[in-house]
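# Coordinate inspection notes
This is what each chain is made of:
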Amino acid sequence: MSLATMSAQITDFANRADPYPLYAALRESPVTRQDDGSYLVSTYYEVRSLANDPRLSNDLRNRPPGAGGPAVAEEDPNQPPSFIFHDPPEHERLRDTAMRQFGPPHSPRFLHDMREDLAKIITDLLDPLEGKTEVDVVDDFAYPLPVTAICKILGVPREDEPLFHGWADTVASGLDPSQGKEKPRQARVELGAYLSDLIDSRRRHPGNGILGPLARETGPGGSMSKAELVATSMLLLIAGHETTVNLISNTTLTLMRHPDILKRFQSEPGLVVPLIEEVLRYEPPVQFVPFTIALSDIDIAGTTIPKGSQVWLLLASANRDPKRFADPDRFDPDREDNQHLGFYTGIHYCFGAPLARMEAQLALPQLFRRIENPRLLADPPPYRVNPVLRGPRHLPLAIDGLVA
Amino acid sequence: MSADGDVKALRRKGRIVVVGASLAGLRAAETLRDQGFTGSLTLVGDEPYEPYDRPPLSKQVLLGLECAEDTALPRTRDIDAEWRLGVAAAGLDRAAKDVRLVNGDTLPYDRLLITTGTKARPWFHPEEAALDGVFVLRTRDDSARLFRKLAAGPRRVLVIGAGFTGSEIASVCRERDVEVTVAERAPAPLVGALGEVVATVAARLQRDHGVDLRCGVSVTALEGDPAGRLRRAHLSDGSAIDVDVAVVCLGALRNTEWLAGSGLAAGPRGVACDAGCRVFDANGIVTDDIYAAGDVARCPHPLFGYQFLSLEHWGNAVEQARIAAHNMLCASTDRRPHLWVPMFWSVQFGVNIKSVGVPTLGDQLVVAQGALDEARFVAVYGYRGRVIAAASFDAGKWLGFYQQQIEAGAPFPPDYALVDRRTDTLQPVDPAFPDPHLPTHEPTVTVTGHSPTERRVQFVAPHA
């Protein structure tokens with residue numbers, strides 16, 4: 001296997017179910033140059049170091065001409081990129097303003113107050129499985145849970161979900177370096193128009209959800225422009241659609257593959273906390289970040305990444321670096337010092353991590369408490385196309401029934 | 001007897017005494033057990049409490065967000081130790097290998113770890129210090145007392161000294177809507193730690209939040225009423241302020257008095273030890289059975305010219321304690337150096353202030369990211385053309401990068417493009433630290449004896 005084609009191999013759907021041998025090959029050298037001039041970084045300390053390196057930019061305007069990356073209409077002032085694709089100081093202004101609704105110090109009880117809602121959503125999703133002998137964990141549970149949650153948080157009408165499901169999926173496919181950009185761009189415009197209308201109506205009739213308050217928010221950096229507000233809500237909506245679903249389904253799949261741990265988990269629900277952390281290390285929902293740009297020459301691990309290069313940070317590979325994690329290919333919820341990169345690190349550390357953790361920590365004990373005698377019907381299950389936001393498209397389980 | 005030969009026996013049935021039952025002492029004890037030490041372990045603490053966490057004492061506790069009683073440090077494991085709490089160590093007999101306690105007990109040891117930390121420097125005038133309303137802040141009890149006083153709604157608080165503790169207390173006062181005056185001898189708060197360029201931002205923060213900040217003055221006297229309650233403070237500029245509360249924040253004194261006469265290199269600047277935490281005796285000879293860690297320790301750091309650094313940093317206490325515990329249980333070839341890069345943080349006026357490296361060594365400074373005006377920036381300190389430290393206001397996530405730059409001896413000023421690089425102070429400037437040549441310490445030792453067999457160092461008492 002030629003290293004020059006490594007990025008093509010990673011994005012190749014044939015390797016979706018098990019990309020880890022590719023990562024292991026890549027880790028032979030921490031930094032690998034691709035023929036297109038991009039650099040793949042695969043080892044833990046190097047990925048962590050670069051993710052915290054101020055010489056690395058997330059701002060798409062710094063992309064070299066012709067480079068890949070997510071589809072955004074960066075020239076269109078009505079469609080600015082979300083704060084993921086900004087550097088400080090704009091990044092801080094936008095992220096901090098959004099954060100004022102989500103967490104401390106301004107909204108310290110926000111997540112805590114969601115627990116009951118989430119518990120009810122979980123019950124409402126599991127109850128209809130009564131009498132079934134087969135479930136698709138993705139369609140029946142892992143997908144609708146975070147989607148319902150993020151809709152509730154943003155105040156997006158749940159009945160509009162079929163409408164924006166397609167948009168969210170298509171926009172997220174723009175992260176896939178091997179896919180075309182035109183469809184994602186179009187979906188972004190349509191989703192943006194939808195959210196823009198919604199924000200207008202929330203301004204007039206503030207219902208539930210944070211869009212209304214967010215529109216009125218005036219943080220230290222001033223308030224968000226309408227376009228920024230649309231970009232931010234689009235980011236939160238898509239992240240709510242495309243990531244936690246993988247965390248829940250990857251955890252389910254991993255538990256089905258480790259019956260001894262599953263058995264223990266069913267009698268020891270508190271195991272869920274380290275269990276989820278270990279899934280975030282072992283099968284991270286976001287596998288890599290393919291769009292950062294070196295603003296200067298960066299010397300790392302004996303390689304100089306030249307100024308202007310596109311850099312891929314392979315989080316999933318770093319998480320299995322034997323120099324950082326003993327016996328890294330073993331799934332071990334008792335692992336100590338599990339400082340995985342599943343949520344990234346540095347200033348772009350996952351904004352929704354506390355919410356994702358809470359959703360998964362509430363969902364999985366309930367799922368495995370209630371479904372009886374689950375058996376995996378396909379291993380590997382069919383995967384989603386997206387290599388960045390990697391997870392099963394379907395996860396069919398045979399069950400004997402449902403416990404009340 | 002070989003020091004290495006009996007390591008196995010020491011691990012199995014040795015006696016280890018840890019004097020100082022705070023963060024460093026606790027973490028060392030845990031590490032000892034982690035590493036398989038099964039002998040007897042005794043922790044001595046002069047306070048009646050099990051180890052507690054200090055950072056909340058000047059922040060959350062004073063704000064009423066956390067009780068002083070609820071600051072007990074979490075345990076990483078069971079340590080199966082004998083606790084001697086509420087009884088201070090009074091002396092050390094190195095020949096007999098025992099620690100004497102103030103109650104007359106003696107604790108024999110095979111290995112001794114000194115983690116006695118520091119205490120608050122008291123107000124220089126004992127009668128004034130005894131006035132009702134005059135506080136220091138170091139311990140849990142100090143914090144609980146000050147909290148009650150602040151909760152009672154004093155008319156005005158005077159903070160004497162605008163280092164980190166003083167500034168944090170001033171911040172708490174403003175958050176509680178209590179009027180506060182800060183008196184600082186230097187030209188700005190935090191000058192000693194970060195230099196005047198950065199300290200100017202700290203001064204602006206204080207004033208923007210309604211602190212009556214008075215710099216370049218010292219408090220000359222505290223005046224009480226006939227009932228012994230603090231009423232007024234007099235300043236060196238001739239002014240006087242009516243205050244009910246004064247908090248003396250003039251830094252810390254190292255708890256080494258109990259080691260007087262022990263022959264260890266333990267004086268007002270701390271207990272000198274090597275990078276492996278082994279304590280030096282007064283002659284500069286390293287001991288093999290006595291170790292030190294935490295605020296009280298003072299050890300050479302290879303990254304900073306092998307200068308003996310004593311660091312009052314939370315992270316230093318943890319890391320140094322672990323190194324000390326490891327080293328006291330292993331053969332000399334397995335010992336590890338304490339190479340922790342100094343790092344500390346503070347929260348005041350809603351701003352997270354962090355520093356890595358040793359800013360006070362800096363001879364130049366650039367604002368590498370952000371802007372001083374916005375109180376959101378990273379200032380990088382250079383020393384003779386290399387990066388020696390960085391300090392951040394609300395930008396702490398970048399400090400890991402600057403730590404790597406420090407460790408790599410990266411050139412200063414940084415000449416690469418960065419995110420958030422602005423126009424604010426891109427040219428190196430003098431960070432403006434107080435003149436280090438002004439003497440702050442008396443000589444503390446004399447060399448005695450004539451023939452090589454009798455030449456020794458003796459500590460001398462500081463001149464009154």
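Residues numbered from 1 in each chain as written. Chains lettered and ligands numbered in written order. Predicted model: local features only at pLDDT ≥ 70, side-chain atom pairs only at ≥ 80, totals over all residues. Heavy atoms only, no water.

- By the naming in an unreviewed UniProt entry, chain B is Pyridine nucleotide-disulfide oxidoreductase, taken from Streptomyces angustmyceticus.
- The UniProt entry for chain B carries this comment under Cofactor (unreviewed entry): "FAD". (UniProt positions renumbered as here; feature names shortened; annotations may be inferred.)

- An unreviewed UniProt entry lists chain A under the name Cytochrome P450, with Streptomyces angustmyceticus given as the organism.

### Topic: the domain arrangement of chain B
All names here are of chain B.
- Annotation of chain B at the domain level lists domain 1 (3-119 + 260-328) and domain 2 (121-250).
- On a C-alpha basis, the centroid separation for the pair domain 1 and domain 2 is 31 Å.
- Residue-level contacts link 17 residues of domain 1 with 16 residues of domain 2.
- For the pair domain 1 and domain 2, the two sides together bury roughly 1600 Å², of which 57% comes from carbon and sulfur.
- Counting the contacts that link domain 1 with domain 2 gives two salt bridges.
- Note that Glu-168 is salt-bridged to Lys-59, the shortest N-O span being 3.3 Å. (Domains from an automatic or database assignment. Contact = heavy atoms within 4.5 Å. Buried area = accessible area lost by both parts, 1.4 Å probe. Salt bridge = Lys/Arg side-chain N within 4 Å of Asp/Glu carboxyl O.)

### Considering the packing of aromatic side chains
Residue and element names in this part refer to chain A.
- Evaluation of the coordinates by the stated rule reveals 22 aromatic pairs over all chains.
- Ring geometry for Phe-85 against Phe-291: centres 4.9 Å apart, planes inclined by 65°, an arrangement best described as edge-to-face. With Phe-85 in the loop between strand S3 (56-57) and helix H4 (90-102) and Phe-291 in strand S5 (residues 289-294), the pair connects residues that are 206 residues apart, well separated along the chain. For the pair shown, Phe-85 and Phe-291 are each scored as buried.
- Taken together, the ring pairs connect Phe-83, Phe-102, Phe-110 and Phe-351 into an aromatic cluster.
- In this structure, Arg-320 packs its charged tip against the face of Tyr-20, placed 3.5 Å from the ring centre.
- One cation-aromatic arrangement involves Arg-320 over Tyr-282; the distance from NZ or CZ to the ring centre is 4.0 Å. (Phe/Tyr/Trp six-rings, centres within 6.5 Å; stacked < 30°, edge-to-face > 60°. Helix = DSSP H or I, 4+ residues; strand = E, 2+ residues; numbered from the N terminus. Buried < 20%, exposed > 50% of the residue type's maximum accessible area, 1.4 Å probe, protein only. Lys NZ or Arg CZ within 6 Å of the ring centre and 35° of its normal.)

### Topic: unusual backbone geometry
- Cis geometry is adopted by the peptide bond preceding Pro-105 of chain A, which originates at Pro-104 of chain A and carries an omega value of 0°.
- Structurally, Pro-105 of chain A is set in the loop between H4 and helix H5 (115-126).
- With an omega dihedral of 0°, the bond running from Phe-412 of chain B to Pro-413 of chain B counts as a cis peptide bond.
- One can find Pro-413 of chain B in the loop between helix H10 (399-407) and strand S29 (445-448).
- Positive phi, normally seen in glycine, also occurs at Asp-177 of chain B, with a value near 65°.
- A relative accessible area of 60% places Asp-177 of chain B in the exposed class.
- Residue Ala-375 of chain B is not a glycine yet carries a positive backbone phi of 55°.
- Here Ala-375 of chain B falls in the buried class, since its relative accessible area comes to 10%.

### Quick notes on the environment of Ala-239 of chain A
- Its location among the elements puts Ala-239 of chain A in helix H11 (residues 226-242).
- Sequence separation between Ala-239 of chain A and Phe-351 of chain A is 112 residues; the distance between their C-alpha atoms is 9.4 Å.

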